[in-house]
Amino acid sequence: MIPAITAKYDWILALTSIAFVVSAFGNGANDVANSYATSVAARTLNMYQVGALASITEFVGAVALGARVTDTIKDGIINIDKFHGNPGTLMLAMGCAEVGSASWLMLATTWGWPVSTTQTTIGALVGVGFAVQTSIHWEWTKGSVSQTAASWGIAPLIAAGFSSIIFATVKYSVLERKDSFKWAMRLIPVYLATTGAILALFIVVEAPTAPSLEEFGARKAVGIVLGVFAGCLVVAIVFFMPYFHRRLVKQDPRVKFYHVPLGPLLLKDDCRLYFPGKGDNFVTNYYEDAYGEVRAGQKQAQDNAINAQTTEKAPTDTDIERNPASVESTPRIQPQRKHLEPNERFLDPVRDLPWHNPLKAWGYIKYILLQGVARDVVTHDSAHLRAIHARANRYDDRVEHLWTYCQVVSAMMMSIAHGSNDVSNAVGPWAAVYSTFRAGKVDTDSPTPVWFLVIAGLLLGTGFWFYGYKIMRAMGNKITQMSPTRGFATELGAAITVLLASRLGLPVSTTQCLTGAALGVALMNYDLGAVNWRQIGFIFLGWVLTLPCAGLIAGLLCLMALNTPHF
């Protein structure tokens, strides 16, 4: 039975619920794309695969690990004491915060602006805090605005540090060594096992029932890491290494990832493959865009050619592109292959059919359901971006292929981290409204219902599936040239940062962590020209505008609602 004092505010609950759906959808469209942008940019995964994976990993992160940060958003930003005795005012304020957050997220996503959903929600809460003239937690305490704001600046730097260290280990232990493929085959089991151990540790530590880090103890943590590491190492050696040998050493294009369970049988030449793959390519060109163009490594090839000419005392007016070394090191540009966009792929073939034809209805159904994951988000026709990509080093595609499996695990880890950390941005205000409505008094201390997190987790995946392509285009290769090794370092570095923050109850921005991580990896080229500083500035401008814009929308809406004449 709903108490009479709040029963009359059921319309606020209804409007807040609608705003929550839009906010969670916008969160998925804007922020989930960050988790997998580098995987798509590196051609490790396509949009369909990412859509399916994101739906699962975001759901797991939100439901299993999201409750802790939700509590910070509910009552850690503004002072709730102001609302005691006025539950309707609290419901209205939180409802306006939800509307403000949803509005700015959808606007930013429509414009292709990768903003921080964390900043959006906190900005909206600060805005309604000013509107209702309640105190805002500026002081340096857990969950306060100042502590959260500090994490926005610190987290990208930490993520950049983690990712650059991770990529440096790959670069100097494998990529830059003579016969890099040999060293890659030796070390890839260690990297697979390490990635799996880190993922297992954070899932265990992040579980809602997990004790604090001090209570958990270093002995158990080390035991989990070593145990999972050993198990993953055995699996990598027994199952993955025969698969890598058959595919990359023997160059058998029929062997696909689903043949990994065959393990040692793949070492036999007469091994029968179920559902053998088709095609002649045993490895993907991970530096190739949708038009068959490769830019990475061209600057290095030109420099080498210039050095060779200088050594041979070649004439100064020699055209570098006519130098045989330059021609051999520059990938041949293939004829452009047009990517069919959803309109051309699903609607054009049935456009002239009558409406009663079932094929026309099927074409429109496919367009509605698949238009968000059927778009080209990798190719960018920009001379400026091509020059940036040309400054990045290009490495052996066989080595890059080995790290695609690490990258998929790290991307899943990043997505779980996002679900655990950013689900609070949509759920927090709605949970406060719902619990207050049910209790008949101000209530922000009740545990967040699990079914809230279930709905939010589903909406995060749905938002990416239908609308995430806009942000996918803004991330990934638009910051620097991505490849599986670079994407692995970016995602793992950002995931570690986000999960550490989530454990501490700090709602950091996954957008900022991933941008910082991508910047850290890009700088490992030791060339400032390998970074798209325009895009960094574009993203930074979004961060600067997000908090005041979301705050203004929510604050003005709340101010108008509180002062509207009523009977």
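The protein has the name Phosphate transporter in an unreviewed UniProt entry, where Aspergillus wentii DTO 134E9 is given as its organism. Regarding the protein, the relevant UniProt record gives this comment under Sequence similarities (unreviewed entry): "Belongs to the inorganic phosphate transporter (PiT) (TC 2.A.20) family." The UniProt entry for the protein carries the following comment under Subcellular location (unreviewed entry): "Membrane".

Before we move on, can you summarise the layout of surface pockets with the specific residues and values?
By volume, the largest pocket is sized at about 1000 Å³. Lining the largest pocket are 33 residues, with Arg 43, Thr 44, Leu 45, Asn 46 and Gln 49 positioned closest to its centre. Among the elements of the structure, helix H3 (47-65), helix H10 (218-249) and helix H16 (397-439) are those that each provide at least two residues to the lining of the largest pocket. Here the residues of the lining of the largest pocket are counted per class, giving 17 nonpolar, seven polar and nine charged. Mapped onto the domain boundaries, the lining of the largest pocket takes at least three residues apiece from domain 1 (4-175 + 390-561) and domain 2 (340-375).

Got a sec to walk through the environment of Ser 55? Specific residues and values, please.
With respect to the secondary-structure elements, Ser 55 resides in helix H3. For Ser 55, a relative accessible area of 31% corresponds to the partly exposed category. It is 9.6 Å that separates the C-alpha atoms of Ser 55 and Gly 28, two residues lying 27 residues apart in sequence.

Go over the environment of Leu 552, please, and point to the residues and values.
Of note, Leu 552 is situated in helix H21 (residues 533-562). As for Leu 552 and Val 128, which are separated by 424 residues in sequence, their C-alpha atoms are 8.7 Å apart.

Lay out the environment of Val 204 in plain terms, naming residues and giving numbers.
Looking at where Val 204 falls in the secondary structure, it is placed in helix H8 (residues 180-206). Since its relative accessible area comes to 34%, Val 204 is described here as partly exposed. C-alpha of Val 204 to C-alpha of Ala 221: the two residues are 17 residues apart in sequence and 9.0 Å apart in space.

Tell me about the packing of helix H2 (residues 10-41) against helix H17 (residues 450-467), residues and numbers included.
Relative orientation and spacing of two packed helices are given, respectively, by the angle between their axes and the distance between those axes. Across the interface, H2 lies against H17 with an axial gap of 7 Å and an inter-helix angle of 55°. One way to sum up the angle between H2 and H17 is to call them oblique. The way H2 lies across H17 gives a crossing that is right-handed. For the pair formed by H2 and H17, the contact residues are Phe 20, Val 21, Ala 24, Phe 25, Asn 27, Gly 28, Ala 29, Val 32 and Ala 33 on the first element and Phe 452, Ile 455, Ala 456, Leu 459, Leu 460, Thr 462, Gly 463, Phe 464, Phe 466 and Tyr 467 on the second. Classifying every residue of the contact of H2 with H17 gives 15 nonpolar, four polar and no charged.

Can you explain H21? Please cite residues and give values.
For H21, built from 30 residues, the straight-helix expectation of 44 Å at 1.5 Å per residue is met to within 8% by its first-to-last C-alpha distance of 44 Å. Roughly 35° is the biggest bend found in H21, and it falls at Leu 545, with proline Pro 548 one to four residues downstream. Within the sequence span of H21, burial applies to Gln 535, Ile 536, Ile 539, Gly 542, Trp 543, Thr 546, Ala 550, Gly 551, Ala 554, Gly 555 and Cys 558. The inward-facing, buried residues of H21 contact helix H5 (87-110), helix H6 (117-131), helix H18 (469-474) and helix H20 (510-522).

Which residues make up the side chain of Asp 31, and what are the values?
Here Asp 31 shows up in helix H2. For the buried residue Asp 31, which engages in no salt bridge, the nearest side chain bearing the opposite charge is Lys 470, 16 Å off. Other than its neighbours up to four places away in sequence, Asp 31 contacts Val 115, Thr 117, His 418, Asp 422, Thr 510 and Thr 511.

Can you break down a nonpolar patch on the surface residue by residue, with the values?
A contiguous nonpolar surface patch, about 380 Å² in accessible area, is contributed by Val 234, Val 235, Ile 237, Val 238 and Phe 239. Assignment of secondary structure puts Val 235 in helix H10. When its relative accessible area of 38% is taken as the criterion, Val 235 is described as partly exposed.

So, the pattern of salt bridges: which residues are in play, and what are the values?
Inspection of every chain in the model, using the stated rule, returns eight salt bridges. Linking Asp 269 and Lys 250 is a salt bridge whose minimum nitrogen-to-oxygen distance equals 2.7 Å. Within this pair, whereas Asp 269 is found in the loop between H10 and helix H11 (298-311), its partner Lys 250 is found in the loop between H10 and H11, the two being separated by 19 residues in sequence. For Asp 252, the salt bridge identified is with Arg 254, shortest N-O distance 3.1 Å. When its relative accessible area of 9% is taken as the criterion, Asp 252 is described as buried. Here the salt bridges do not stand alone but share partners, grouping Arg 246, Asp 252 and Arg 254 into one network.

Go over a positive patch on the surface with me, naming the residues and quoting the values.
Taken together, the side chains of Arg 177, Lys 178, Lys 182 and Arg 186 present a region of like positive charge at the surface. Positionally, Lys 178 belongs in the loop between helix H7 (145-175) and H8. A relative accessible area of 77% means that Lys 178 is categorised as exposed.

Tell me about H6, and please be specific about residues and values.
Along its 15 residues, H6 runs 21 Å from first to last C-alpha, staying within 8% of the 21 Å computed at 1.5 Å per residue. Summarising burial for H6: 14 of the 15 residues are buried, a large majority. Between a side-chain oxygen at the N-terminus of H6 and the backbone nitrogen of Gln 119 the separation is 3.0 Å; the capping residue is Ser 116. Following H6 by one or two positions, Gln 133 adopts a phi angle in the positive range, close to 60°.

The rules behind these values
- Residues numbered from 1 in each chain as written.
- Predicted model: local features only at pLDDT ≥ 70, side-chain atom pairs only at ≥ 80, totals over all residues.
- Heavy atoms only, no water.
- UniProt positions renumbered as here; feature names shortened; annotations may be inferred.
- 1 Å grid on protein atoms, 1.4 Å probe; cavity = no way out; pocket = protein on both sides within 12 Å on 5 of 7 lines; lining within 4 Å.
- Points joined across faces, edges and corners; volume = space filled by probe spheres on them.
- Helix = DSSP H or I, 4+ residues; strand = E, 2+ residues; numbered from the N terminus.
- Nonpolar A, V, L, I, M, F, W, Y, C, P; charged D, E, K, R; others polar.
- Domains from an automatic or database assignment.
- Buried < 20%, exposed > 50% of the residue type's maximum accessible area, 1.4 Å probe, protein only.
- Axes fitted to C-alpha atoms, helices over the stretch in contact; angles between N-to-C directions.
- Parallel < 35°, antiparallel > 145°, perpendicular 65-115°, else oblique.
- Left-handed = near helix turned anticlockwise from the far one by under 90°.
- Contact = heavy atoms within 4.5 Å.
- Expected span 1.5 Å × (residues − 1).
- Bend = angle between axes of the 7 residues up to and from the residue.
- Lys, Arg positive; Asp, Glu negative; His and termini not counted.
- Salt bridge = Lys/Arg side-chain N within 4 Å of Asp/Glu carboxyl O.
- Patch = residues over 30% accessible without salt bridge, like charges linked within 9 Å, V, L, I, M, F, W, Y side chains within 5 Å.
- Areas by Shrake-Rupley, 256 points an atom, 1.4 Å probe, with all protein chains shown as cover.
- Charge placed at Lys NZ, Arg CZ, Asp CG, Glu CD.
- Polar contact = N/O pair within 3.5 Å; in protein donor to acceptor, adjacent residues only side chain to side chain.

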